[in-house]
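# Examination of the molecular architecture
This is what each chain is made of:
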Amino acid sequence: MPDEAALRNPGRGLGWRVRAAVAGRVVLATFGAYGVAALSTAFLSLVLPMVRSEAVATATLLSFAIMVGAVVWVFAARTLARAALGLAVPAALLAGGLWLALALVDTAPPA
Amino acid sequence: MRRGFRQSMAWLHTWSGLVTGWVMFCVFVTGTATYYRTDISLWMRPELRAAAVAPGVAAERGAAYLKVHAPKAVSWFVSLPQEDRPLIGVYWLDSFEAPIRQASLDAETGQPTTARATQGGDFLYRFHYELQMMPMLGRWIVGASALVLLVALVSGIVTHRRIFADFFTFRRDRSAQRGWLDAHNVTGVLALPFHLMITYTGIVTLAFTLMPWGIASAYRGDEMRFYVEAGQTPAWRAAAGRPAEALPLAPLVDRARAEVSEPLEMVIVNNPGDAASTVVAVFEEPKGLAHRHPQVAFEAVSGEVVARLGTLKPAAHAFTSFLGLHEAHFAGPALRGLFFLCGLMGSATIATGLVLWSVARAPKPGLAPGFGLRLVRGLNLGTVLGLPIGIAAFFLANRLLPVALEARAAWEGGAFFAAWGLAALVGFARPHGRTWREMGTVAGLLFLSLPLVGALTTDRGLDFVWFDLAMVAIAAGLGSGAWTLSRYEDVRRTRVARTAQTLARA
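Note that the coordinates shown come from a computational prediction; the quantities given were computed from them, not determined experimentally.

How each quantity is defined
- Residues numbered from 1 in each chain as written.
- Chains lettered and ligands numbered in written order.
- Predicted model: local features only at pLDDT ≥ 70, side-chain atom pairs only at ≥ 80, totals over all residues.
- Heavy atoms only, no water.
- Helix = DSSP H or I, 4+ residues; strand = E, 2+ residues; numbered from the N terminus.
- Buried < 20%, exposed > 50% of the residue type's maximum accessible area, 1.4 Å probe, protein only.
- Contact = heavy atoms within 4.5 Å.
- Buried area = accessible area lost by both parts, 1.4 Å probe.
- Salt bridge = Lys/Arg side-chain N within 4 Å of Asp/Glu carboxyl O.
- Pairing = 2+ DSSP bridges.
- Axes fitted to C-alpha atoms, helices over the stretch in contact; angles between N-to-C directions.
- Patch = residues over 30% accessible without salt bridge, like charges linked within 9 Å, V, L, I, M, F, W, Y side chains within 5 Å.
- Areas by Shrake-Rupley, 256 points an atom, 1.4 Å probe, with all protein chains shown as cover.
- Domains from an automatic or database assignment.
- Polar contact = N/O pair within 3.5 Å; in protein donor to acceptor, adjacent residues only side chain to side chain.
- Nonpolar A, V, L, I, M, F, W, Y, C, P; charged D, E, K, R; others polar.
- Parallel < 35°, antiparallel > 145°, perpendicular 65-115°, else oblique.
- Left-handed = near helix turned anticlockwise from the far one by under 90°.
- Expected span 1.5 Å × (residues − 1).
- pLDDT = per-residue confidence, 0-100.
- Phe/Tyr/Trp six-rings, centres within 6.5 Å; stacked < 30°, edge-to-face > 60°.
- Lys NZ or Arg CZ within 6 Å of the ring centre and 35° of its normal.

Tallying secondary structure elements over chain A gives four helices and zero strands in all. Each helix and strand of chain A, placed in order from N terminus to C terminus, yields the pattern α-α-α-α. For chain A, the proportion of its 111 residues judged to be buried stands at 41%. Of all intrachain contacts in chain A linking residues separated by at least 6 positions in sequence, the fraction that spans at least 24 positions is 63%.

Here we take up the interface of chain A and chain B. Quite often, the size of an interface is put as the accessible area lost when its parts meet. With 44 residues of chain A at the contact, the number on the chain B side is 45 residues. For the pair chain A and chain B, the summed buried surface comes to about 3800 Å²; carbon and sulfur atoms form 72% of the total. Here chain A is connected to chain B by one salt bridge. Measuring nitrogen to oxygen at the nearest pair gives 2.6 Å for the salt bridge that ties A:Arg52 to B:Glu229. Of all the elements in the fold, those that place two or more residues in the side of chain A that touches chain B are α1 (4-8), α2 (16-47), α3 (52-76) and α4 (80-104) of chain A. Per element, the largest residue contribution to the side of chain A that touches chain B is 18 residues, and it comes from α3(A).

Across a sheet, strands are paired by hydrogen bonds formed along the backbone, either parallel or antiparallel in direction. Residues and elements named next belong to chain B. Taken in spatial order, the seven strands make up an open sheet running β3-β2-β1-β4-β5-β6-β7, and their pairing is antiparallel. Each of the sheet's edge strands pairs with one partner strand only, and the pair in question is β3 (101-106) and β7 (305-309). For this sheet, the mean inter-axis angle between neighbouring strands, taken without regard to orientation, is 15 degrees. By the bridge criterion, five bridges tie strand β1 (residues 75-79) to strand β2 (residues 87-93) in an arrangement that is antiparallel. Note that in β2 the partner of serine 79 across the bridge is glycine 89.

Turning our attention to a nonpolar patch on the surface. On the surface, a nonpolar cluster with roughly 470 Å² of combined accessible area is contributed by A:Trp99, A:Leu100, A:Leu104 and A:Val105. The residue A:Leu100 is located in helix α4 in this model.

So, about the pairing of strand β4 (residues 264-270) of chain B. Residue and element names in this part refer to chain B. With five of seven residues buried, β4 lies mostly within the body of the structure. As paired strands, β1 and β4 are joined by five bridges and run antiparallel to one another. Bridge pairing in β4 links serine 79 to methionine 266. Sheet topology places β4 next to strand β5 (residues 278-283); six bridges connect them, and they run antiparallel. Across the sheet, isoleucine 268 pairs through a bridge with valine 280, a residue of β5.

Below, the discussion takes up the pairing of β1(B). With five of five residues buried, β1(B) is to be regarded as a mostly interior element. Residues B:Ser75, B:Phe77 and B:Ser79 of β1(B) are buried on one face, and the alternating residues B:Trp76 and B:Val78, pointing to the opposite face, are buried as well.

A separate point is the domain arrangement of chain B. All names here are of chain B. Once the domains are mapped, chain B shows domain 1 (5-45 + 124-190 + 328-505) and domain 2 (50-115 + 233-311). Inter-centroid distance (C-alpha atoms) of domain 1 to domain 2 is 39 Å. Across the boundary between the two partners, domain 1 contributes five residues, which contact seven residues of domain 2. Interface area, domain 1 with domain 2, both sides summed: about 580 Å², of which 67% is carbon and sulfur. The largest share of the area that domain 1 buries against domain 2 comes from Leu42, Arg45 and Phe330, three residues that together contribute 61% of it. Taken together, the links from domain 1 to domain 2 amount to one residue pair in polar contact (both at pLDDT 80 or more). Residue classes in the side of domain 1 that touches domain 2 are distributed as two nonpolar, two polar and one charged.

Before going further, it helps to spend a moment on the packing of α3(A) against helix α7 (residues 192-205) of chain B. Orientation of α3(A) relative to α7(B), taken along the N-to-C sense of each, is 125 degrees, at an axis distance of 10 Å. With respect to their mutual orientation, α3(A) and α7(B) come out oblique. For the pair α3(A) and α7(B), the sense of crossing is right-handed. Facing α3(A), whose interface residues are A:Leu61, A:Leu62, A:Phe64 and A:Ala65, α7(B) presents B:Tyr200, B:Ile203 and B:Val204. Classifying every residue of the contact of α3(A) with α7(B) gives seven nonpolar, no polar and no charged.

It is worth spelling out the pattern of salt bridges at this point. All names here are of chain B. Evaluated as defined, the whole model comprises 14 salt bridges over all chains. For arginine 126, the salt bridge is made with glutamate 130, and the minimal N-O distance between the two is 3.1 Å. Linking arginine 126 with glutamate 130, this pair stays in helix α4 (residues 121-130), spanning four residues, or about one helical turn. On the accessibility criterion, arginine 126 (34% relative accessible area) is partly exposed.

Residues and elements named next belong to chain B. Within α4, seven of the 10 residues are buried, leaving the element largely enclosed by the surrounding structure. Looking at α4, one finds that the buried residues are Gly121, Phe123, Leu124, Phe127, His128, Tyr129 and Glu130. Contacts from the buried residues of α4 go to α1 (5-34), α2 (37-44), α5 (135-159), α12 (314-327), α15 (386-400) and α16 (408-429).

This brings us to the environment of B:Ser261. One can find B:Ser261 in the loop between α11 (249-259) and β4. Considering only alpha carbons, one finds B:Ser261 and B:Trp92, 169 residues apart in sequence, at a separation of 27 Å.

Before going further, it helps to examine the environment of A:Ala70. Residues and elements named next belong to chain A. Here alanine 70 lies in helix α3. For alanine 70 and tyrosine 34, which are 36 residues apart along the polypeptide, the C-alpha to C-alpha distance reads 8.4 Å. Those residues in contact with alanine 70 that sit more than four places away from it in its chain are Ala33 and Leu87.

Attention now goes to α4(A). Counted at 1.5 Å a residue, the expected span for α4(A) with its 25 residues is 36 Å, and the 36 Å between its end C-alpha atoms agrees. Considered for burial, the residues of α4(A) that qualify are A:Ala83, A:Leu87, A:Ala91, A:Leu94, A:Gly97, A:Leu98 and A:Ala101. On its buried side, α4(A) packs onto α2 and α3 of chain A together with α9 (213-218) of chain B.

As a further point, take the confidence of the model for chain B. On average, residues of chain B carry a pLDDT of 89, and 92% of them reach 70 or more. The least confident element of chain B, judged by mean pLDDT, is helix α19 (residues 496-505) of chain B at 54; the most confident is α15(B) at 97.

Moving on, we come to the packing of aromatic side chains. Residue and element names in this part refer to chain B. Using the criterion set out here, one finds 29 aromatic pairs over all chains in the structure. On the basis of an interplanar angle of 40 degrees and a centroid distance of 5.9 Å, the ring pair of phenylalanine 394 and phenylalanine 395 is categorised as tilted. On the basis of relative accessibility, which here comes to 3%, the residue phenylalanine 395 falls in the buried class. Chaining the aromatic ring pairs together yields one cluster made of Trp43, Phe123, Phe127, Phe394, Phe395, Phe416, Phe417, Trp420 and Phe467. Looking at arginine 37, its charged tip hangs above the ring of tyrosine 125, at a distance of 3.9 Å from the centre. Across from the ring centre of tryptophan 43, 3.8 Å away, lies the NZ or CZ of arginine 399, which sits over that ring.

Here's what the structure looks like:
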């Protein structure tokens, strides 16, 4: 992230390394945080212990708080690699859980 | 990040706030105006007077029009005249994929209204969440910007170590930048609960556009089924494919009204003319936060009740309460006024934040501003003053365009965008302190002219006195704000070094 001198003089004193790191975090915050929020919504909608429509409403209401939390994490983490790892682990767990839930939970419309 | 949590959040606040600021300023201003959407619509249709027509009769008048003009539609919607909207609104869908079509009917005659063609307050309302673009594109831009604003709000809160002290801090005289920072903090912190609430609930109004994955996984993408199971809409009955004579609407409507105490808002006819047609009476929301409409659905041919929708389960209730909080339909005049003021403060927080970014980066005396700074200054001027100029032009066009003009409603929208575009061009051509003063004066004069132009072009006497007073207040606010701002942008030039330090610390 830019140091204070760079913050005072945007566009000056920013090496390409810093620029790339910032761009990396922006991309990670946009797509990574959305991905985690989307996976958690899909997963929780299937597994929350309530009626299906209630689970969807709860999971969707929560999703935006989860996304903001993930964005804050991406910009607060010490390095880009740590930030990426911090999203990748929950994303992998959620994706695995979602895959299981899709196989086990009956989502067919009533006949 | 190397420099600790608070600094990284300060950086995040600065940049997320900047990129989302222009869109969100427009969304806040038009959303704040939308608290008075019906008042704006009444002002924009001065030919209309309150009409006393029984709901059942009005429903039949609307259906009679639709029978002639949309006999093959899959759904008819008839919105009934209300005190603040003395018209019958008819809407219909030719198919589920087709865009919704509509007409406004005179409540007394059931014929198309002779009032001037205008979108009224709906223009600003639609702009608020679709930016008058292709609906899905506009909603995604607004929704994504709102998510970025939520990030800016959260990181802004973290940035403040002295959130309570900031209530009482306004160091106008210390330095130009300090003054702007304090103005940003005062308007931001004072109405902070509102800013957080309105941003989160606003995102929730677009929830299934932005985050359709719960419905995708649990309902295999069948959104309709979700709303049916959540108790928010009656189940859709497929058409039988053979025609049948439906019962008259008025007795059905009266039976529904005997069950529900709220005023009737809309009557829906699904599959009109078909043997499996249904009639749904939709009522206004009962007192309380939740945005949910009691509904009674009938078989159109037999008159049998097929569904009654009222109470919701907890999560659906919470969800609809978020929508209700955002729209503030529950608010009486005093609370509505408070919401309006909070919306103005939100707009001011965004505007001062945008200006603060440019003031903090003003070049040293004698140096030319870089491309980024010129861009931000131009966008700031074009947005913060350009949008109000567009709105004033929109209102003026409503009074000045000939009533019988072809495509009149579109011309009003054209006036809005033309005036805004012109103002933005001026802002880019000369993004200086003086331009703030001049454009602010122009914007103020435009709003000030509205009561006068209104009095000269209509015969409604003092019917719109509250609207006129609001226009004068807006004129005063714009004028004085722009003058103050231009002074600071000029004074600022000599204090670069110190203010840059304060920003880094802030």
